[in-house]
Amino acid sequence: MAKGIKVLLSIIVLAIIVLIILVSTGSQILTDWLWFDNLNFSQTFMTMFFTNLYLRLIVGLVFTVFIFINLSFTKKPLLDHLNVSKDDNVESLFGGKNDSIMEWLNKRKLGYIFLFGSIILGFLFSSVRQDLWQIVLKYINQTPFNINDPIFARDIGFYVFSLPFFDFIREMGMVLTILTLVVTGAIYTLASGISSFNEMKFKLSGRAMAHLSVLIAIFLLLKAWSYRLMMYNLLYSARGVAFGASYTDINANLIGLKILFYIVIAIAVVVLINMFKKSYRLLIWGLGFWIFASFIFGSVYPGIVQRFQVEPNEIAKESKYIDYNIDMTLKAYGLDTIEKRDFELKKELTANILSEKTETIDNIRLWDPRPLLSTYNQLQGLRPYYTFPNVDIDRYNINGEYRQVMIAGREVDQTKLNAQAKTWINQKLKYTHGYGVVMNPVNVVTPEGLPKFFIKNIPPESFTDLKINNASIYYGEMTNDYVIVNNKTKEFHYPMGSENEYYDYTGTGGVQLNSFFKKALYGLRYGNIKFLLADDIENQSRIMYYRNIKQRVRKVAPFLAYDSDPYLVTLDGRLFWIQDAYTTTNRFPYSEPMQGVGNYIRNSIKIVIDAYNGNMDYYVIDKSDPLANTYMKIFPDLFKDGEEMPENVRSHIRYPQDLFVIQSRLYSTYHMQDSTVFYNKEDIWNIPQENYAGSSIQMEPYYVIMQLPGNEENEFVLMQPFTPGNKNNMIAWMAGRSDGENYGDLILYNFPKDKLVYGPMQIESRIDQDTDISQLLTLWSQRGSRVIRGNLLVIPINDSVLYIEPIYLQAETSELPELKRVIVSYNDEVVMRETLEESIKAIFGLGEAIVETEIDDEMLEDETLEDGVRDETDDLLPTTIDELTSKALEAYQNAQESLKNGNWAEYGQYITELEDILTRLSNFN
């Protein structure tokens, strides 16, 4: 009785554990489904979930059935051996306590044991590939590339979609066969009483030999198929001087694989014939010959060909395969359609020409995103828990002008709440969203070296025709935790002086908690009973999770690659994020692989994310991409045709920087399209270095509004200069176009080879060698300040090149960099002045301003800083020592008053003003 109670209790405990696991897993699955359903992507969820589930069941079932059938063949000899052991009292094998096991074991029970063991093994191997569902769905829905490989003349789609599927089937087949062979072989060995290899011929039954022979033959046929697939995989060889099948691979390894293919098939036939004979001689000789042939054709012969044929004549032997690599790499990375133009360097830039290029000059970016981010957080953070995670670059038509701007969203960083405020209610119900954006033109600077804002403050104040009607950011780059909105507690909206503004969410984001069942589900998911007990959660409340936009897009489409920099845009008074997504694969034959990318990439998909509701629209803008077309077939509810993208959204898509970096790095080598030149690396290019904040770093591509040489209109482009290998002069520059029908086009401008064009580091060196500039920068660095040299911008203008570098000054005790100087270089001249306008005047001797360094007074009328602090940038600065001393005393007294009142933002503003005045005083000495 006691034993029965123990068994019952064990079953109950096991059932409870299983139930907990099922409930926990089920709550995760169900809440994920509710999340997808809220986004109208329930079909996408079902496709991924059930495809994965069904495939695991199929793989598990195939393994289970195959193993069980094979084990069933061993049942009779095993039972016969057990019966003999009982009759003969074979104590050495089943003595003592094992007699009861033999008495208990019979045919039916052994069948149950075999079935249970088969199920365990089957479903243990059913989850070996997490990406199996992708492999199968892409195989079924594959789209041809209409490009053939140069060796086997197969469409690239075969390598991208079919070959991974065949490799998986082959791999699983070999694993299953070997596993079954080991298990059944062990049982037959046990049942036959074999103690050595020599006894197999005499003790192994004909039934066992036939069974094992069939399994061995299946394995050999799978191995032959493996050799066949390995022939195709030679196109990913890294043996030669360029990625892809080399001379040795084609003329040695490929031949060897064909020979081994036929050898293995022949051995499989021999194994099947041997089922009817008790002789192993032919089989042993066959296996020996296979091992010998594998060594010869897999290692020795390719080594001889490489050593004695290829190495003495490497260029001649490998040139054809280098051409294949160049051609396929350019196609895989979208570099085969790049337009090449000559840049006729005339060095004839004049004041008249510059006066005609005002749109380019007015959009030269003086603000570097890195120091500007600190400035944003200092001037517009306003509260400790507000932060700007990133500064983005975009362009807008503002007051009738095409302007390049910097923009950032103000988000809530809950980690910066004080310790007492980090309660569940505050973090989940109250501080639910960020609020507002900050925007400034790229080239406008106040006399204090700070940005002038198009949009700033809380609530957002706009000094242009851009208006913000809904500034709430529920989905952003720092929204990492779930929140519950539309609750009784009321959400914190934004601060209003000493008071706070509160808000009830009115959008459609998140899952509505309108039932006890849903609340219980989320309570289980997050392990918090407050979902059921909290009075603040109502039926109208909505739970938002997966709010971080980077996590959000990956949750919906984990099969895509994503750009590292989603950017914020304002459209029709609302805020949206645009995220670039890429289709990638590492299965493009002969294409040079890039770490973290594979060897094929297309920016075919643009994702638009509503910062308020969290809705996501996946637009396929490049329907020539076979991978994108395949995904459209698999997930018809997820992807939209790019032609459906609204025009106001399309005007803000831009050439993605991550893709441009990859293409630039590859093209620095693959612009050499002659195999001999490529082999010798005669004309390799480099991405230039630049001096940033005292360190030499690789130059990043940058956005600029400019008129491309030979074109009539100004446009928003991403550009990257190139320098020759081991030299610092500039040899070419590449532009990625973003506007209108030209989106995605690449243009390469080659400089004349007979003229010197200064590269970025040469300009940096000339700046360092200028005594006036270097002395001033050194003096600033010695006065408790940090000099930050910003991005050096290379600006092509009308067959000439202008170089511009902003200089920022940051006090050691402050995190507020100020733009103090602008360096301009043209031809052999380098000048540094307080503004871009003055620097250009100094070089070109202009008497009139051609650079817009101030915003119209009407545009910025009544512009104020936060908390009532007056922006002094429109006032004339004091110019005498007495005036400066008086101003310094006034700033100090105001700072002390702000300190007493606990107004830290105002205190920081006055301290910054004081610092600037003291700096000006020091200049009088």
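In short, a report on the structure.

Parameters and conventions
- Residues numbered from 1 in each chain as written.
- Predicted model: local features only at pLDDT ≥ 70, side-chain atom pairs only at ≥ 80, totals over all residues.
- Heavy atoms only, no water.
- Helix = DSSP H or I, 4+ residues; strand = E, 2+ residues; numbered from the N terminus.
- Buried < 20%, exposed > 50% of the residue type's maximum accessible area, 1.4 Å probe, protein only.
- Contact = heavy atoms within 4.5 Å.
- Areas by Shrake-Rupley, 256 points an atom, 1.4 Å probe, with all protein chains shown as cover.
- Salt bridge = Lys/Arg side-chain N within 4 Å of Asp/Glu carboxyl O.
- Patch = residues over 30% accessible without salt bridge, like charges linked within 9 Å, V, L, I, M, F, W, Y side chains within 5 Å.

All right, on to the overall build of the chain then. The secondary structure content of the chain amounts to 29 helices and 33 strands. Looking at the chain residue by residue over its 925 residues, the buried ones come to 53%. Residue pairs at least 24 apart in sequence account for 68% of intrachain contacts in the chain once pairs closer than 6 positions are excluded. Accessible surface, the chain: about 41,400 Å² in total, of which carbon and sulfur atoms supply 55%.

Attention shifts here to the pattern of salt bridges. Under the counting rule described, the total for this entry stands at 25 salt bridges. The partner of Arg370 in a salt bridge is Asp368, with the nearest N and O atoms 3.2 Å apart. For Asp368, a relative accessible area of 1% puts it in the buried group. With its nearest N and O atoms 3.3 Å apart, the salt bridge here joins Asp394 to Arg395. The same class applies to Asp394 and to Arg395, which are both buried. Residues joined in a network through salt bridges with shared partners are Glu764, Asp768, Arg789 and Glu805.

Our next topic: a nonpolar patch on the surface. Taken together, the side chains of Leu53, Tyr54, Leu57, Ile58, Val62, Leu115, Ile119 and Phe123 make up a nonpolar region of the molecular surface, amounting to roughly 680 Å² of accessible area. For the nonpolar patch, the elements supplying multiple residues, two or more each, are helix H2 (42-73) and helix H6 (107-124). With five residues, H2 is the largest single contributor of residues to the nonpolar patch. Relative accessible area serves as the criterion here: at 34%, Leu115 is assigned to the partly exposed category.

This part covers the environment of Leu349. Along the polypeptide, Leu349 turns up in the loop between strand E1 (339-342) and helix H14 (351-356). Taking C-alpha positions, Leu349 is 7.3 Å from Asn798, a pair spaced 449 residues apart along the chain.

Interpretation in functional terms is not warranted from these geometric data alone.
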